[in-house]
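# Observations on chain architecture
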Amino acid sequence: MVFTRRPAAVLTAIVAACAMAISLTACTTDANSQDTADDRTTVTSSAPGVVAMFTPSDGITLNQQTPLNKWAKLTPNLTKALTSAGFKKGDISHTTSDSLDKQSRAIQDYVVNHLSGSNTTDDAGIVISPDNITLLVAPVVEADASTRQYGDYVSQELSTADTAEGSDSTDSSDSSNSSDSSDSSTGSDSTDDSSSDASKTAGDSKNAAQAEAVDRLVSSLKLAKESGMHVVLMGNSIKGYKPDAFVRFSDAQAIGKLQAEKIVSKLELSKASKDNPKYIEVLMPYTAVDESGEASDSTFVQEAFRGIWQVLGAYYQKGVVESPSGTLNGNCTEDDWQSVAYDASKEGSTAKVLDARLAKADEHASPTRIDGIIAMNDYIASEVVTELDDLGYTGSAADINPQITISGIVGNITGKKDLSRSDVPDPIKSPEKDDSADSTDSADTQDDSTATDKTDKTKDSQWPLVTGYGAYVSNIPSIVNGKQWMTGIEDRQTLAENIAEACALLNKGQTLTSMSSVRNTEVGGKKKVPTISGPLLAVSASNLKVTLIDPGYISLADAGL
């Protein structure tokens, strides 16, 4: 066999030698000149090269409420940033897929097609070598209903190991159930076992398909890197795979932390006291059971609560913040997420939870005093706003430590000048705990008591701060009128510009160390991965124009103006 293959080996060596000679000859000519044999030019290291984007198809949120954090919103920003960085529009491609299986096949086809020859030629006759190609890949991941409410960019991780373990466990369970089924003598038990076996078989098939898709994706990306292409993962990582760069948009902990920090600032908790504490409720919505009837992964809600507690925990411990419902107190830790979590997949669940937490002492009592509600995302925030109105709360967030009026906010958004107003001082002691009136005469005391009672009732029914995330277009009018105090969003334009810069540098064979937005982090269990990230944007009525309208994310009509 060795001798029969020698002619082929010799022929291969001759072809390779010829190719090297031709390459050396080409190197002596102008890199930008055309090849007279086939009328093609070769991209030099100074040219940006090619970028191929692979993103998930946009999912659908409940009631068609749409957050701005969508892949379909990001790709136009990316295309614009890439062209500004010197890439030709014809050298930028975009493929969307609604499943990991389809996406892995699309990436596999792209890589194989571009490596079927030593080079690839575009429509303009430009020869593109693999090291002038960057793949921007946002792996398709399955998100449950509650996670999807935060938008498409929330970081998750793909893993083949977890899938395999699940399959092994299921196989073992199948074997056991099969044995049990044979011992059963009733028709009902036989039917139940058959149904259970069918469900588990479907689950096995789904897990196997998922594992195959992940393996195909990883193999394709490894082949791309080995050939000289560059791989940048966006949003979602792959366990055990190290890309050339990673783009981190947002994660559960950052989303929770953002809302807690803004509550602390707006309510000026650093000035609060035990004698006049602030009252804050935390809502942690999640989906308890997935579509297949199995317990959902609670990692997201755990991490979100951890981000909140890292900020608010100290204030609860000092006694300057209290939970009206008693769900949180100074003895809680960042592991007590279940105290405030509830299954949001059930219709009307948020209203029921909030009604129970803010229950009145009796039907004639004033509403329970509440200063802030962390609702986690805009879908839940919209339900909170509706329920607060039903419970009799009045006013808006503009009345809490106000700096501008609603008319001033509207004026700012439409381009007019703000109408400023001084902060309203908050007493160190609450009126009901203030003993300063003891020395007054009885008549004055009675008058003061009546006035204080009216003040207390007004304070009790005061509209609280309501936070959310996702910048739902349907919620923007509530941001403007102060019913929802703030939301959050990724800075898409800045991230797009940073991604484009990274693609240009990688295609030129340069590192990303010169980029201020890049730092090395652990991604998918791999250390020292250059990671592009940026701070989340907190959006309220006071900065709505600058953060959303001026960049073109929304229009005045979207804001209800």
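Summarised in this report is the structure supplied together with it. Since the structure is predicted, the reported quantities are computational estimates derived from the model, not experimental observations.

### Let's talk about the side chain of Thr55
As for its placement among the helices and strands, Thr55 is situated in strand E2 (residues 50-56). For Thr55, a relative accessible area of 1% corresponds to the buried category.

### A word on a positive patch on the surface
Residues Lys222, Lys242, Lys526, Lys527 and Lys528 make up a contiguous surface patch of positive charge. Mapped onto the elements of the fold, Lys242 is located in the loop between strand E9 (237-238) and strand E10 (245-247).

### A short note on unusual backbone geometry
Not every positive phi belongs to a glycine, and Glu268 is a case in point at roughly 50°. Take Glu268: it is sitting in the loop between helix H7 (252-266) and strand E11 (278-282). A positive phi angle, near 75°, is found at Met376, a position not held by glycine. With respect to the helices and strands, Met376 occurs in the loop between strand E15 (372-374) and helix H10 (378-390).

### A closer look at the sheet that holds strand E8 (residues 230-234)
In sheet architecture, strand pairing relies on hydrogen bonds along the backbone and comes in two forms, parallel and antiparallel. Within the open sheet, the seven strands sit side by side as E3-E2-E6-E8-E10-E19-E18. Their pairing is mixed. Because the sheet does not close on itself, it has two edges, and the strands there are strand E3 (92-97) and strand E18 (518-523). When the angles between neighbouring strand axes are averaged without regard to direction, this sheet yields 30°. The pairing of E8 with E10 spans three bridges and is classified as parallel. Looking at E10, one finds that Leu233 is bridged to Phe246. Helix H3 (residues 100-115) contacts E2, E3 and strand E6 (133-137) of the sheet and is inclined by roughly 165° relative to E2. Lying over the sheet, helix H14 (residues 492-507) contacts E2, E6, E8, E10 and strand E19 (526-532), oriented at roughly 145° with respect to E6.

### Some thoughts on the side chain of Asn69
Considering the arrangement of structural elements, one finds Asn69 in the loop between E2 and helix H2 (71-84). Residue Asn69 is classed as buried on the basis of its relative accessible area, which comes to 0%. Dropping the residues within four chain positions of it, Asn69 is found in contact with Tyr150, Gly151, Asp152, Tyr153, Tyr469, Gly470, Gly488, Ile489 and Glu490.

### Things to note about the packing of aromatic side chains
Evaluated as defined, the whole model comprises eight aromatic pairs. Geometrically, the ring pair formed by Tyr150 and Phe300 is tilted, given 4.7 Å between the ring centres and 50° between the ring planes. Residue Tyr150 is located in the loop between helix H4 (145-148) and strand E7 (157-158), and its partner Phe300 is located in helix H8 (residues 299-318); the two are separated by 150 residues in the primary sequence. With respect to class, Tyr150 is no different from Phe300; both count as buried. Taking 5.8 Å as the distance between ring centres and 20° as the angle between the ring planes, the aromatic pair formed by Phe305 and Trp309 counts as stacked. With Phe305 and Trp309 both in helix H8, this residue pair falls four residues apart, about one helical turn. Accessibility assignment for this pair places Phe305 and Trp309 in one class, buried. Aromatic ring contacts, followed pair by pair, group Trp71, Tyr153 and Phe249 into a single cluster. Sitting over the ring of Tyr315, Lys318 keeps its end group 5.6 Å from the ring centre. Directly above the ring of Trp463 sits Lys483, whose terminal nitrogen or CZ lies 4.0 Å from the centroid.

### Things to note about the nonpolar core
Of all hydrophobic cores here, the largest spans 38 residues; its most connected members are Met284 and Leu312. Broken down by secondary-structure element, the contributors of at least two residues to this core are H7, E11 and H8. At ten residues, H8 tops the list of elements feeding residues into this core. Apart from the residues within four sequence positions on either side, Met284 is in contact with Val301, Ala304, Phe305, Ile308, Val340, Ala341, Tyr342 and Met376. Core analysis: the second largest hydrophobic core is formed by 30 residues, Ala81, Tyr153, Ala245 and Leu495 among them.

### Focus on the pattern of salt bridges
Tallied over the entire structure, the rule returns 13 salt bridges. Between Lys271 and Glu268 there is a salt bridge; the shortest N-O distance is 3.9 Å. Residue classification places Lys271 among the exposed positions, given a relative accessible area of 56%. Among the salt bridges present, the one from Glu281 reaches Arg357, with a minimum N-O distance of 2.9 Å.

### Overview of the packing of H7 against H8
At a closest axis distance of 7 Å, the pairing of H7 and H8 adopts a crossing angle of 30°. For the element pair H7 / H8, the angle class is roughly parallel. Seen from above, H7 lies across H8 with right-handed handedness. Residues Ala252, Gln253, Ile255, Gly256, Lys257, Ala260, Glu261 and Val264 of H7 pack against Phe300, Glu303, Ala304, Arg306, Gly307, Ile308, Gln310, Val311, Leu312 and Tyr315 of H8.

The rules we used
All residue numbers here refer to positions counted from 1 along the written sequence of the relevant chain. Given that this is a predicted model, residues contribute local features only at a pLDDT of at least 70 and side-chain atom pairs are listed and counted only at 80 or more, while totals for whole chains, interfaces and linings are drawn from all residues. Computation of side-chain values covers all heavy atoms of the structure but excludes hydrogens and water. Numbering of helices and strands runs from the N terminus, with a helix taken as a DSSP run of H or I at least four residues long and a strand as a DSSP run of E at least two residues long. Only protein chains enter the area calculation, which uses a 1.4 Å probe; residues under 20% of their type maximum are buried, those over 50% are exposed, and those in between are partly exposed. Every patch collects residues that have over 30% relative accessible area and no salt bridge, joining them within 9 Å if they carry like charges and within 5 Å if they are nonpolar side chains (Val, Leu, Ile, Met, Phe, Trp, Tyr). Residue exposure ignores everything except the shown protein chains as possible cover, and the areas themselves are Shrake-Rupley values with a 1.4 Å probe. Definition used for salt bridges: Asp or Glu carboxyl oxygen within 4 Å of a side-chain nitrogen of Lys or Arg. Two residue types count as positive, namely Lys and Arg, and two as negative, namely Asp and Glu; His and chain ends fall outside the count. Charged side chains are reduced to one point each, which is NZ for Lys, CZ for Arg, CG for Asp and CD for Glu. In this analysis, strands are considered paired if DSSP registers two or more bridges between them. Only the stretch in contact is used when fitting a helix axis, every axis being a line fitted to C-alpha atoms; angles between N-to-C directions are given from 0 to 180 degrees. Here, two residues are considered to be in contact whenever any of their heavy atoms come within 4.5 Å of each other. Two aromatic rings, drawn from Phe, Tyr or Trp (for Trp, its six-membered ring), form a pair once their centres lie within 6.5 Å of each other, and the interplanar angle then sorts them: stacked below 30 degrees, edge-to-face above 60, tilted otherwise. Should the NZ of a Lys or the CZ of an Arg lie within 6 Å of a ring centre and within 35 degrees of the ring normal, that charge is described as sitting over the ring. Residues grouped as a nonpolar core are buried Ala, Val, Leu, Ile, Met, Phe, Trp, Tyr and Cys residues, joined through side-chain atoms within 4.5 Å. Just so you know how the angles are binned, under 35 degrees is roughly parallel, over 145 roughly antiparallel, 65 to 115 roughly perpendicular, and the rest oblique. Here is the rule for handedness: rotate from the far helix to the near one, and if that takes an anticlockwise turn smaller than a right angle the crossing is left-handed, while a clockwise turn gives right-handed.

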